[in-house]
Amino acid sequence: MKSIASLVPLLGFTLGLAAAEPVRLRVDFSKPEGVWNMPALALGQGGLQSEPMIEPHVKELRQLRPATIRLFLSEYYRIYPKHDTYDWTKLDRELRAIRATGARPTLVLAMKPPVLYPRVDHFLVHPNNYDEWERLCEALARHCRDAGFGVAAWEVCNEPDIGESGGTPHYFRTAEDYNRFYTRTVAGLLRGDPEARVGGPAVASADSFLVEGLIAHCAARNVPLHFLSWHLYSDSPAAHAANIAKQRARLARFPALRDVKLFISEWNMDLMRPNLAPGFQPCFVLETMRRYAEAKLDMAAYFHIRDCFVDPADFDWMSPGGRRFMAHWWNTMPQYSALFDHHGRVRPAWYAFRFLGQFKGERYAVEGEEGNIRAIAGDGDGYKHLLVWRYEDSGPDEVEVRLDLAGVPGRRGRVVKLDPAAPVNNIQVIHYGRSEALGNVSLKLRYWDVRWIEIE
C-alpha cells in the first residue's frame, strides 16, 4: 500500500487537471444602460492607385455601416492639371463609390500639383503660390459641397512627420512650416464650404512635435481646429487607447480648444511584426474598438479596405526612392492589414466589423467578465446582440463560458462562431433554439475565439 506522502504529488497533479469553474456572463436585456456609443466607425483606403478601389466592394462595405471612409486625395487624381483648371473626373468617381456604401468621405489632402510644386522633393512643403493654392482648396471644397458628397472631415496632409515613407509627399521639419501650410489650407477650404470640418496633423507618431505645435498655434491665433488626428500601428489595444488620454490632456491646456474632437485616422496591428495567429486580427479589432469606446474616442478609421498592387508610374510625384519603396511595400512584401487582400478576397477582420455594425441601439451591462473573457451587449435592427471574445494567447487551452440571459423570454436565439481559419464561410451557426436554453450552451473559447449571440 502506498503511503500518503507518496500520493501527494499525484493528488496535486490530479487537482491541477480539474476543470476550472466556467465564466458566467449575465445580461438583462430588459434593463438598458444608455445608448450604444461605439466611436464612429470609419474605414480608410490607402493611396495606392487612381483606378477604382472602393467601387469593387461597395456591397460588402455597406454591410459594415461605416460612418465615413477616409480617402487619400493623392496627386494621381490630377484635380489641378494646369493653372486655374480643375478636373474632378477621377476623384468624383471614387467619392460616388464612397457614398454608395452609405458612408461620408473624409478627404486627406495629399496632393502636390506640379504647377504649384515644380520640383519633386518631400521637404518642399510650401506651394510656389499660396494664393493659388488657397483658390484650389476653395474650389475643391465648394465642388464637393455642391456635388452633395457630404465630406465629413478634411485632414491636412498624411503623416507629414515621415514624408514619402508614409505614402504621401509632405515632410515637415518644423512645426512653424506645418502651421503655416495648415492655416492657409483651411482658410481656402472654409471659403469653399463654411460648414467644413478641418483638422490634422494626421501624424505617424502621436508624440510628434507637430501635434503640440498645431494645438498651440490654433489656440493662440484662433485658427479653426475641429479635430486632432494621429496614427498608430500596434498589437496592443492598451497602447491604442493610451494615446487618447494623452492627446486630451494636451488639448485641455487650452480652454478655447475644449470642443476639438479626437480622431485616430489610421490604426491597425503592428505592420512590421504582426501577430499572425488566424484569430488574432478580428479579436484585436473587437478589443481595440471596445477600448476606444471606453475612452470616449470620437472616430477611429481602420486602415485599410483593400490591398492593391501599385504602378510606380502613378507616383511620379514621388522621388525615385519613394517610388521604389511604394512598389516594394505593396507589390512584394506580405500584407496583412486590409479587409480585402490583393485579389479581393475577404479577410476575417471584415466579420469583426460586421458584428460591431449591429450595435445601433440601446446598450446593456454585461456582468461576470473574468480575465481576458470580454463581452458587449446591445440592440440593433430589432434584435438583441451579445459579442463574447477571449483576448489572450496564454493560459488554459479552453475556457468555458456560460450565459445567463434575462429579459428575452420565449425568443429564439443563435450562437455563431467566427472561424478565421476556414477557407470559406468564416462564420458558422453552432446552436439555435429558445433563449432560455442558451444558458445550457457551453461556449468553449480557445485563444482569440469570438462568439456572436443574436436573440430574435
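Everything below is about the structure shown above.
Residues numbered from 1 in each chain as written. Predicted model: local features only at pLDDT ≥ 70, side-chain atom pairs only at ≥ 80, totals over all residues. Heavy atoms only, no water.

Caption draft 1: How the structure looks around the overall build of the protein. Regarding its fold elements, the protein presents ten helices and 17 strands. Against the globule reference of 23 Å for 456 residues, the protein gives a C-alpha radius of gyration of 25 Å, in line with a compact fold. Burial statistics for the protein: of 456 residues in total, 55% are counted as buried. Here the protein has roughly 19,400 Å² of accessible surface; of this, 52% comes from carbon and sulfur atoms. Within the protein, the 56 negative side-chain charges are centred at a point lying 2 Å from the centre of the 56 positive side-chain charges. (Helix = DSSP H or I, 4+ residues; strand = E, 2+ residues; numbered from the N terminus. Rg over C-alpha atoms; globule rule 2.2 N^0.38 Å. Buried < 20%, exposed > 50% of the residue type's maximum accessible area, 1.4 Å probe, protein only. Areas by Shrake-Rupley, 256 points an atom, 1.4 Å probe, with all protein chains shown as cover. Lys, Arg positive; Asp, Glu negative; His and termini not counted. Charge placed at Lys NZ, Arg CZ, Asp CG, Glu CD.)

Caption draft 2: Highlighting the sheet that holds strand S7 (residues 227–233). The eight strands lie next to each other as S2-S3-S4-S5-S6-S7-S8-S9, forming a closed barrel whose pairing is parallel. Pairs of neighbouring strands in the sheet enclose a mean axial angle of 25°, with direction left out of account. Each of strand S2 (40–45), strand S8 (261–268) and strand S9 (299–303) touches helix H8 (residues 280–294); the most contacted strand, S8, lies at about 170° to it. (Pairing = 2+ DSSP bridges. Axes fitted to C-alpha atoms, helices over the stretch in contact; angles between N-to-C directions. Contact = heavy atoms within 4.5 Å.)

Caption draft 3: Looking closely at the packing of helix H5 (residues 175–192) against helix H6 (residues 209–221). Two elements in contact, H5 and H6, have axes separated by 9 Å at closest approach and are oriented at 55°. Our classification of the angle between H5 and H6 gives oblique. The handedness of the crossing between H5 and H6 is right-handed. Contacts between H5 and H6 involve Ala175, Tyr178, Asn179, Tyr182 and Thr183 on the former and, on the latter, Phe209, Leu210, Gly213, Leu214, His217 and Cys218. Split into classes, the residues belonging to the contact of H5 with H6 amount to seven nonpolar, four polar and no charged. (Parallel < 35°, antiparallel > 145°, perpendicular 65-115°, else oblique. Left-handed = near helix turned anticlockwise from the far one by under 90°. Nonpolar A, V, L, I, M, F, W, Y, C, P; charged D, E, K, R; others polar.)

Caption draft 4: Seen up close, the layout of surface pockets. In this model, the largest pocket occupies a volume close to 490 Å³. Along its surface, the largest pocket is lined by 26 residues, and Glu159, Ser165, Gly166, Tyr233 and Leu271 are the ones closest to its centre. At the level of secondary structure, the elements contributing two or more residues to the lining of the largest pocket comprise S7 and helix H9 (320–332). Here the lining of the largest pocket takes four residues from H9, the largest share from any one element. A per-class count over the lining of the largest pocket returns 13 nonpolar, nine polar and four charged. For the second largest pocket, the calculated volume is near 410 Å³. Lining the second largest pocket are 23 residues, with Arg197, His226, Phe227, Lys261 and Asp298 positioned closest to its centre. At three residues, S8 tops the list of elements feeding residues into the lining of the second largest pocket. Among the residues making up the lining of the second largest pocket, the classes are represented as 15 nonpolar, two polar and six charged. (1 Å grid on protein atoms, 1.4 Å probe; cavity = no way out; pocket = protein on both sides within 12 Å on 5 of 7 lines; lining within 4 Å. Points joined across faces, edges and corners; volume = space filled by probe spheres on them.)

Caption draft 5: Highlighting the side chain of Ser435. As for its position among the elements, Ser435 is in the loop between strand S15 (427–434) and strand S16 (443–445). Classification of Ser435 as buried rests on a relative accessible area of 4%. The contacts of Ser435, once residues within four sequence positions are left out, are Val408, Pro409, Gly410, Arg411, Arg412, Gly413 and Ile455.

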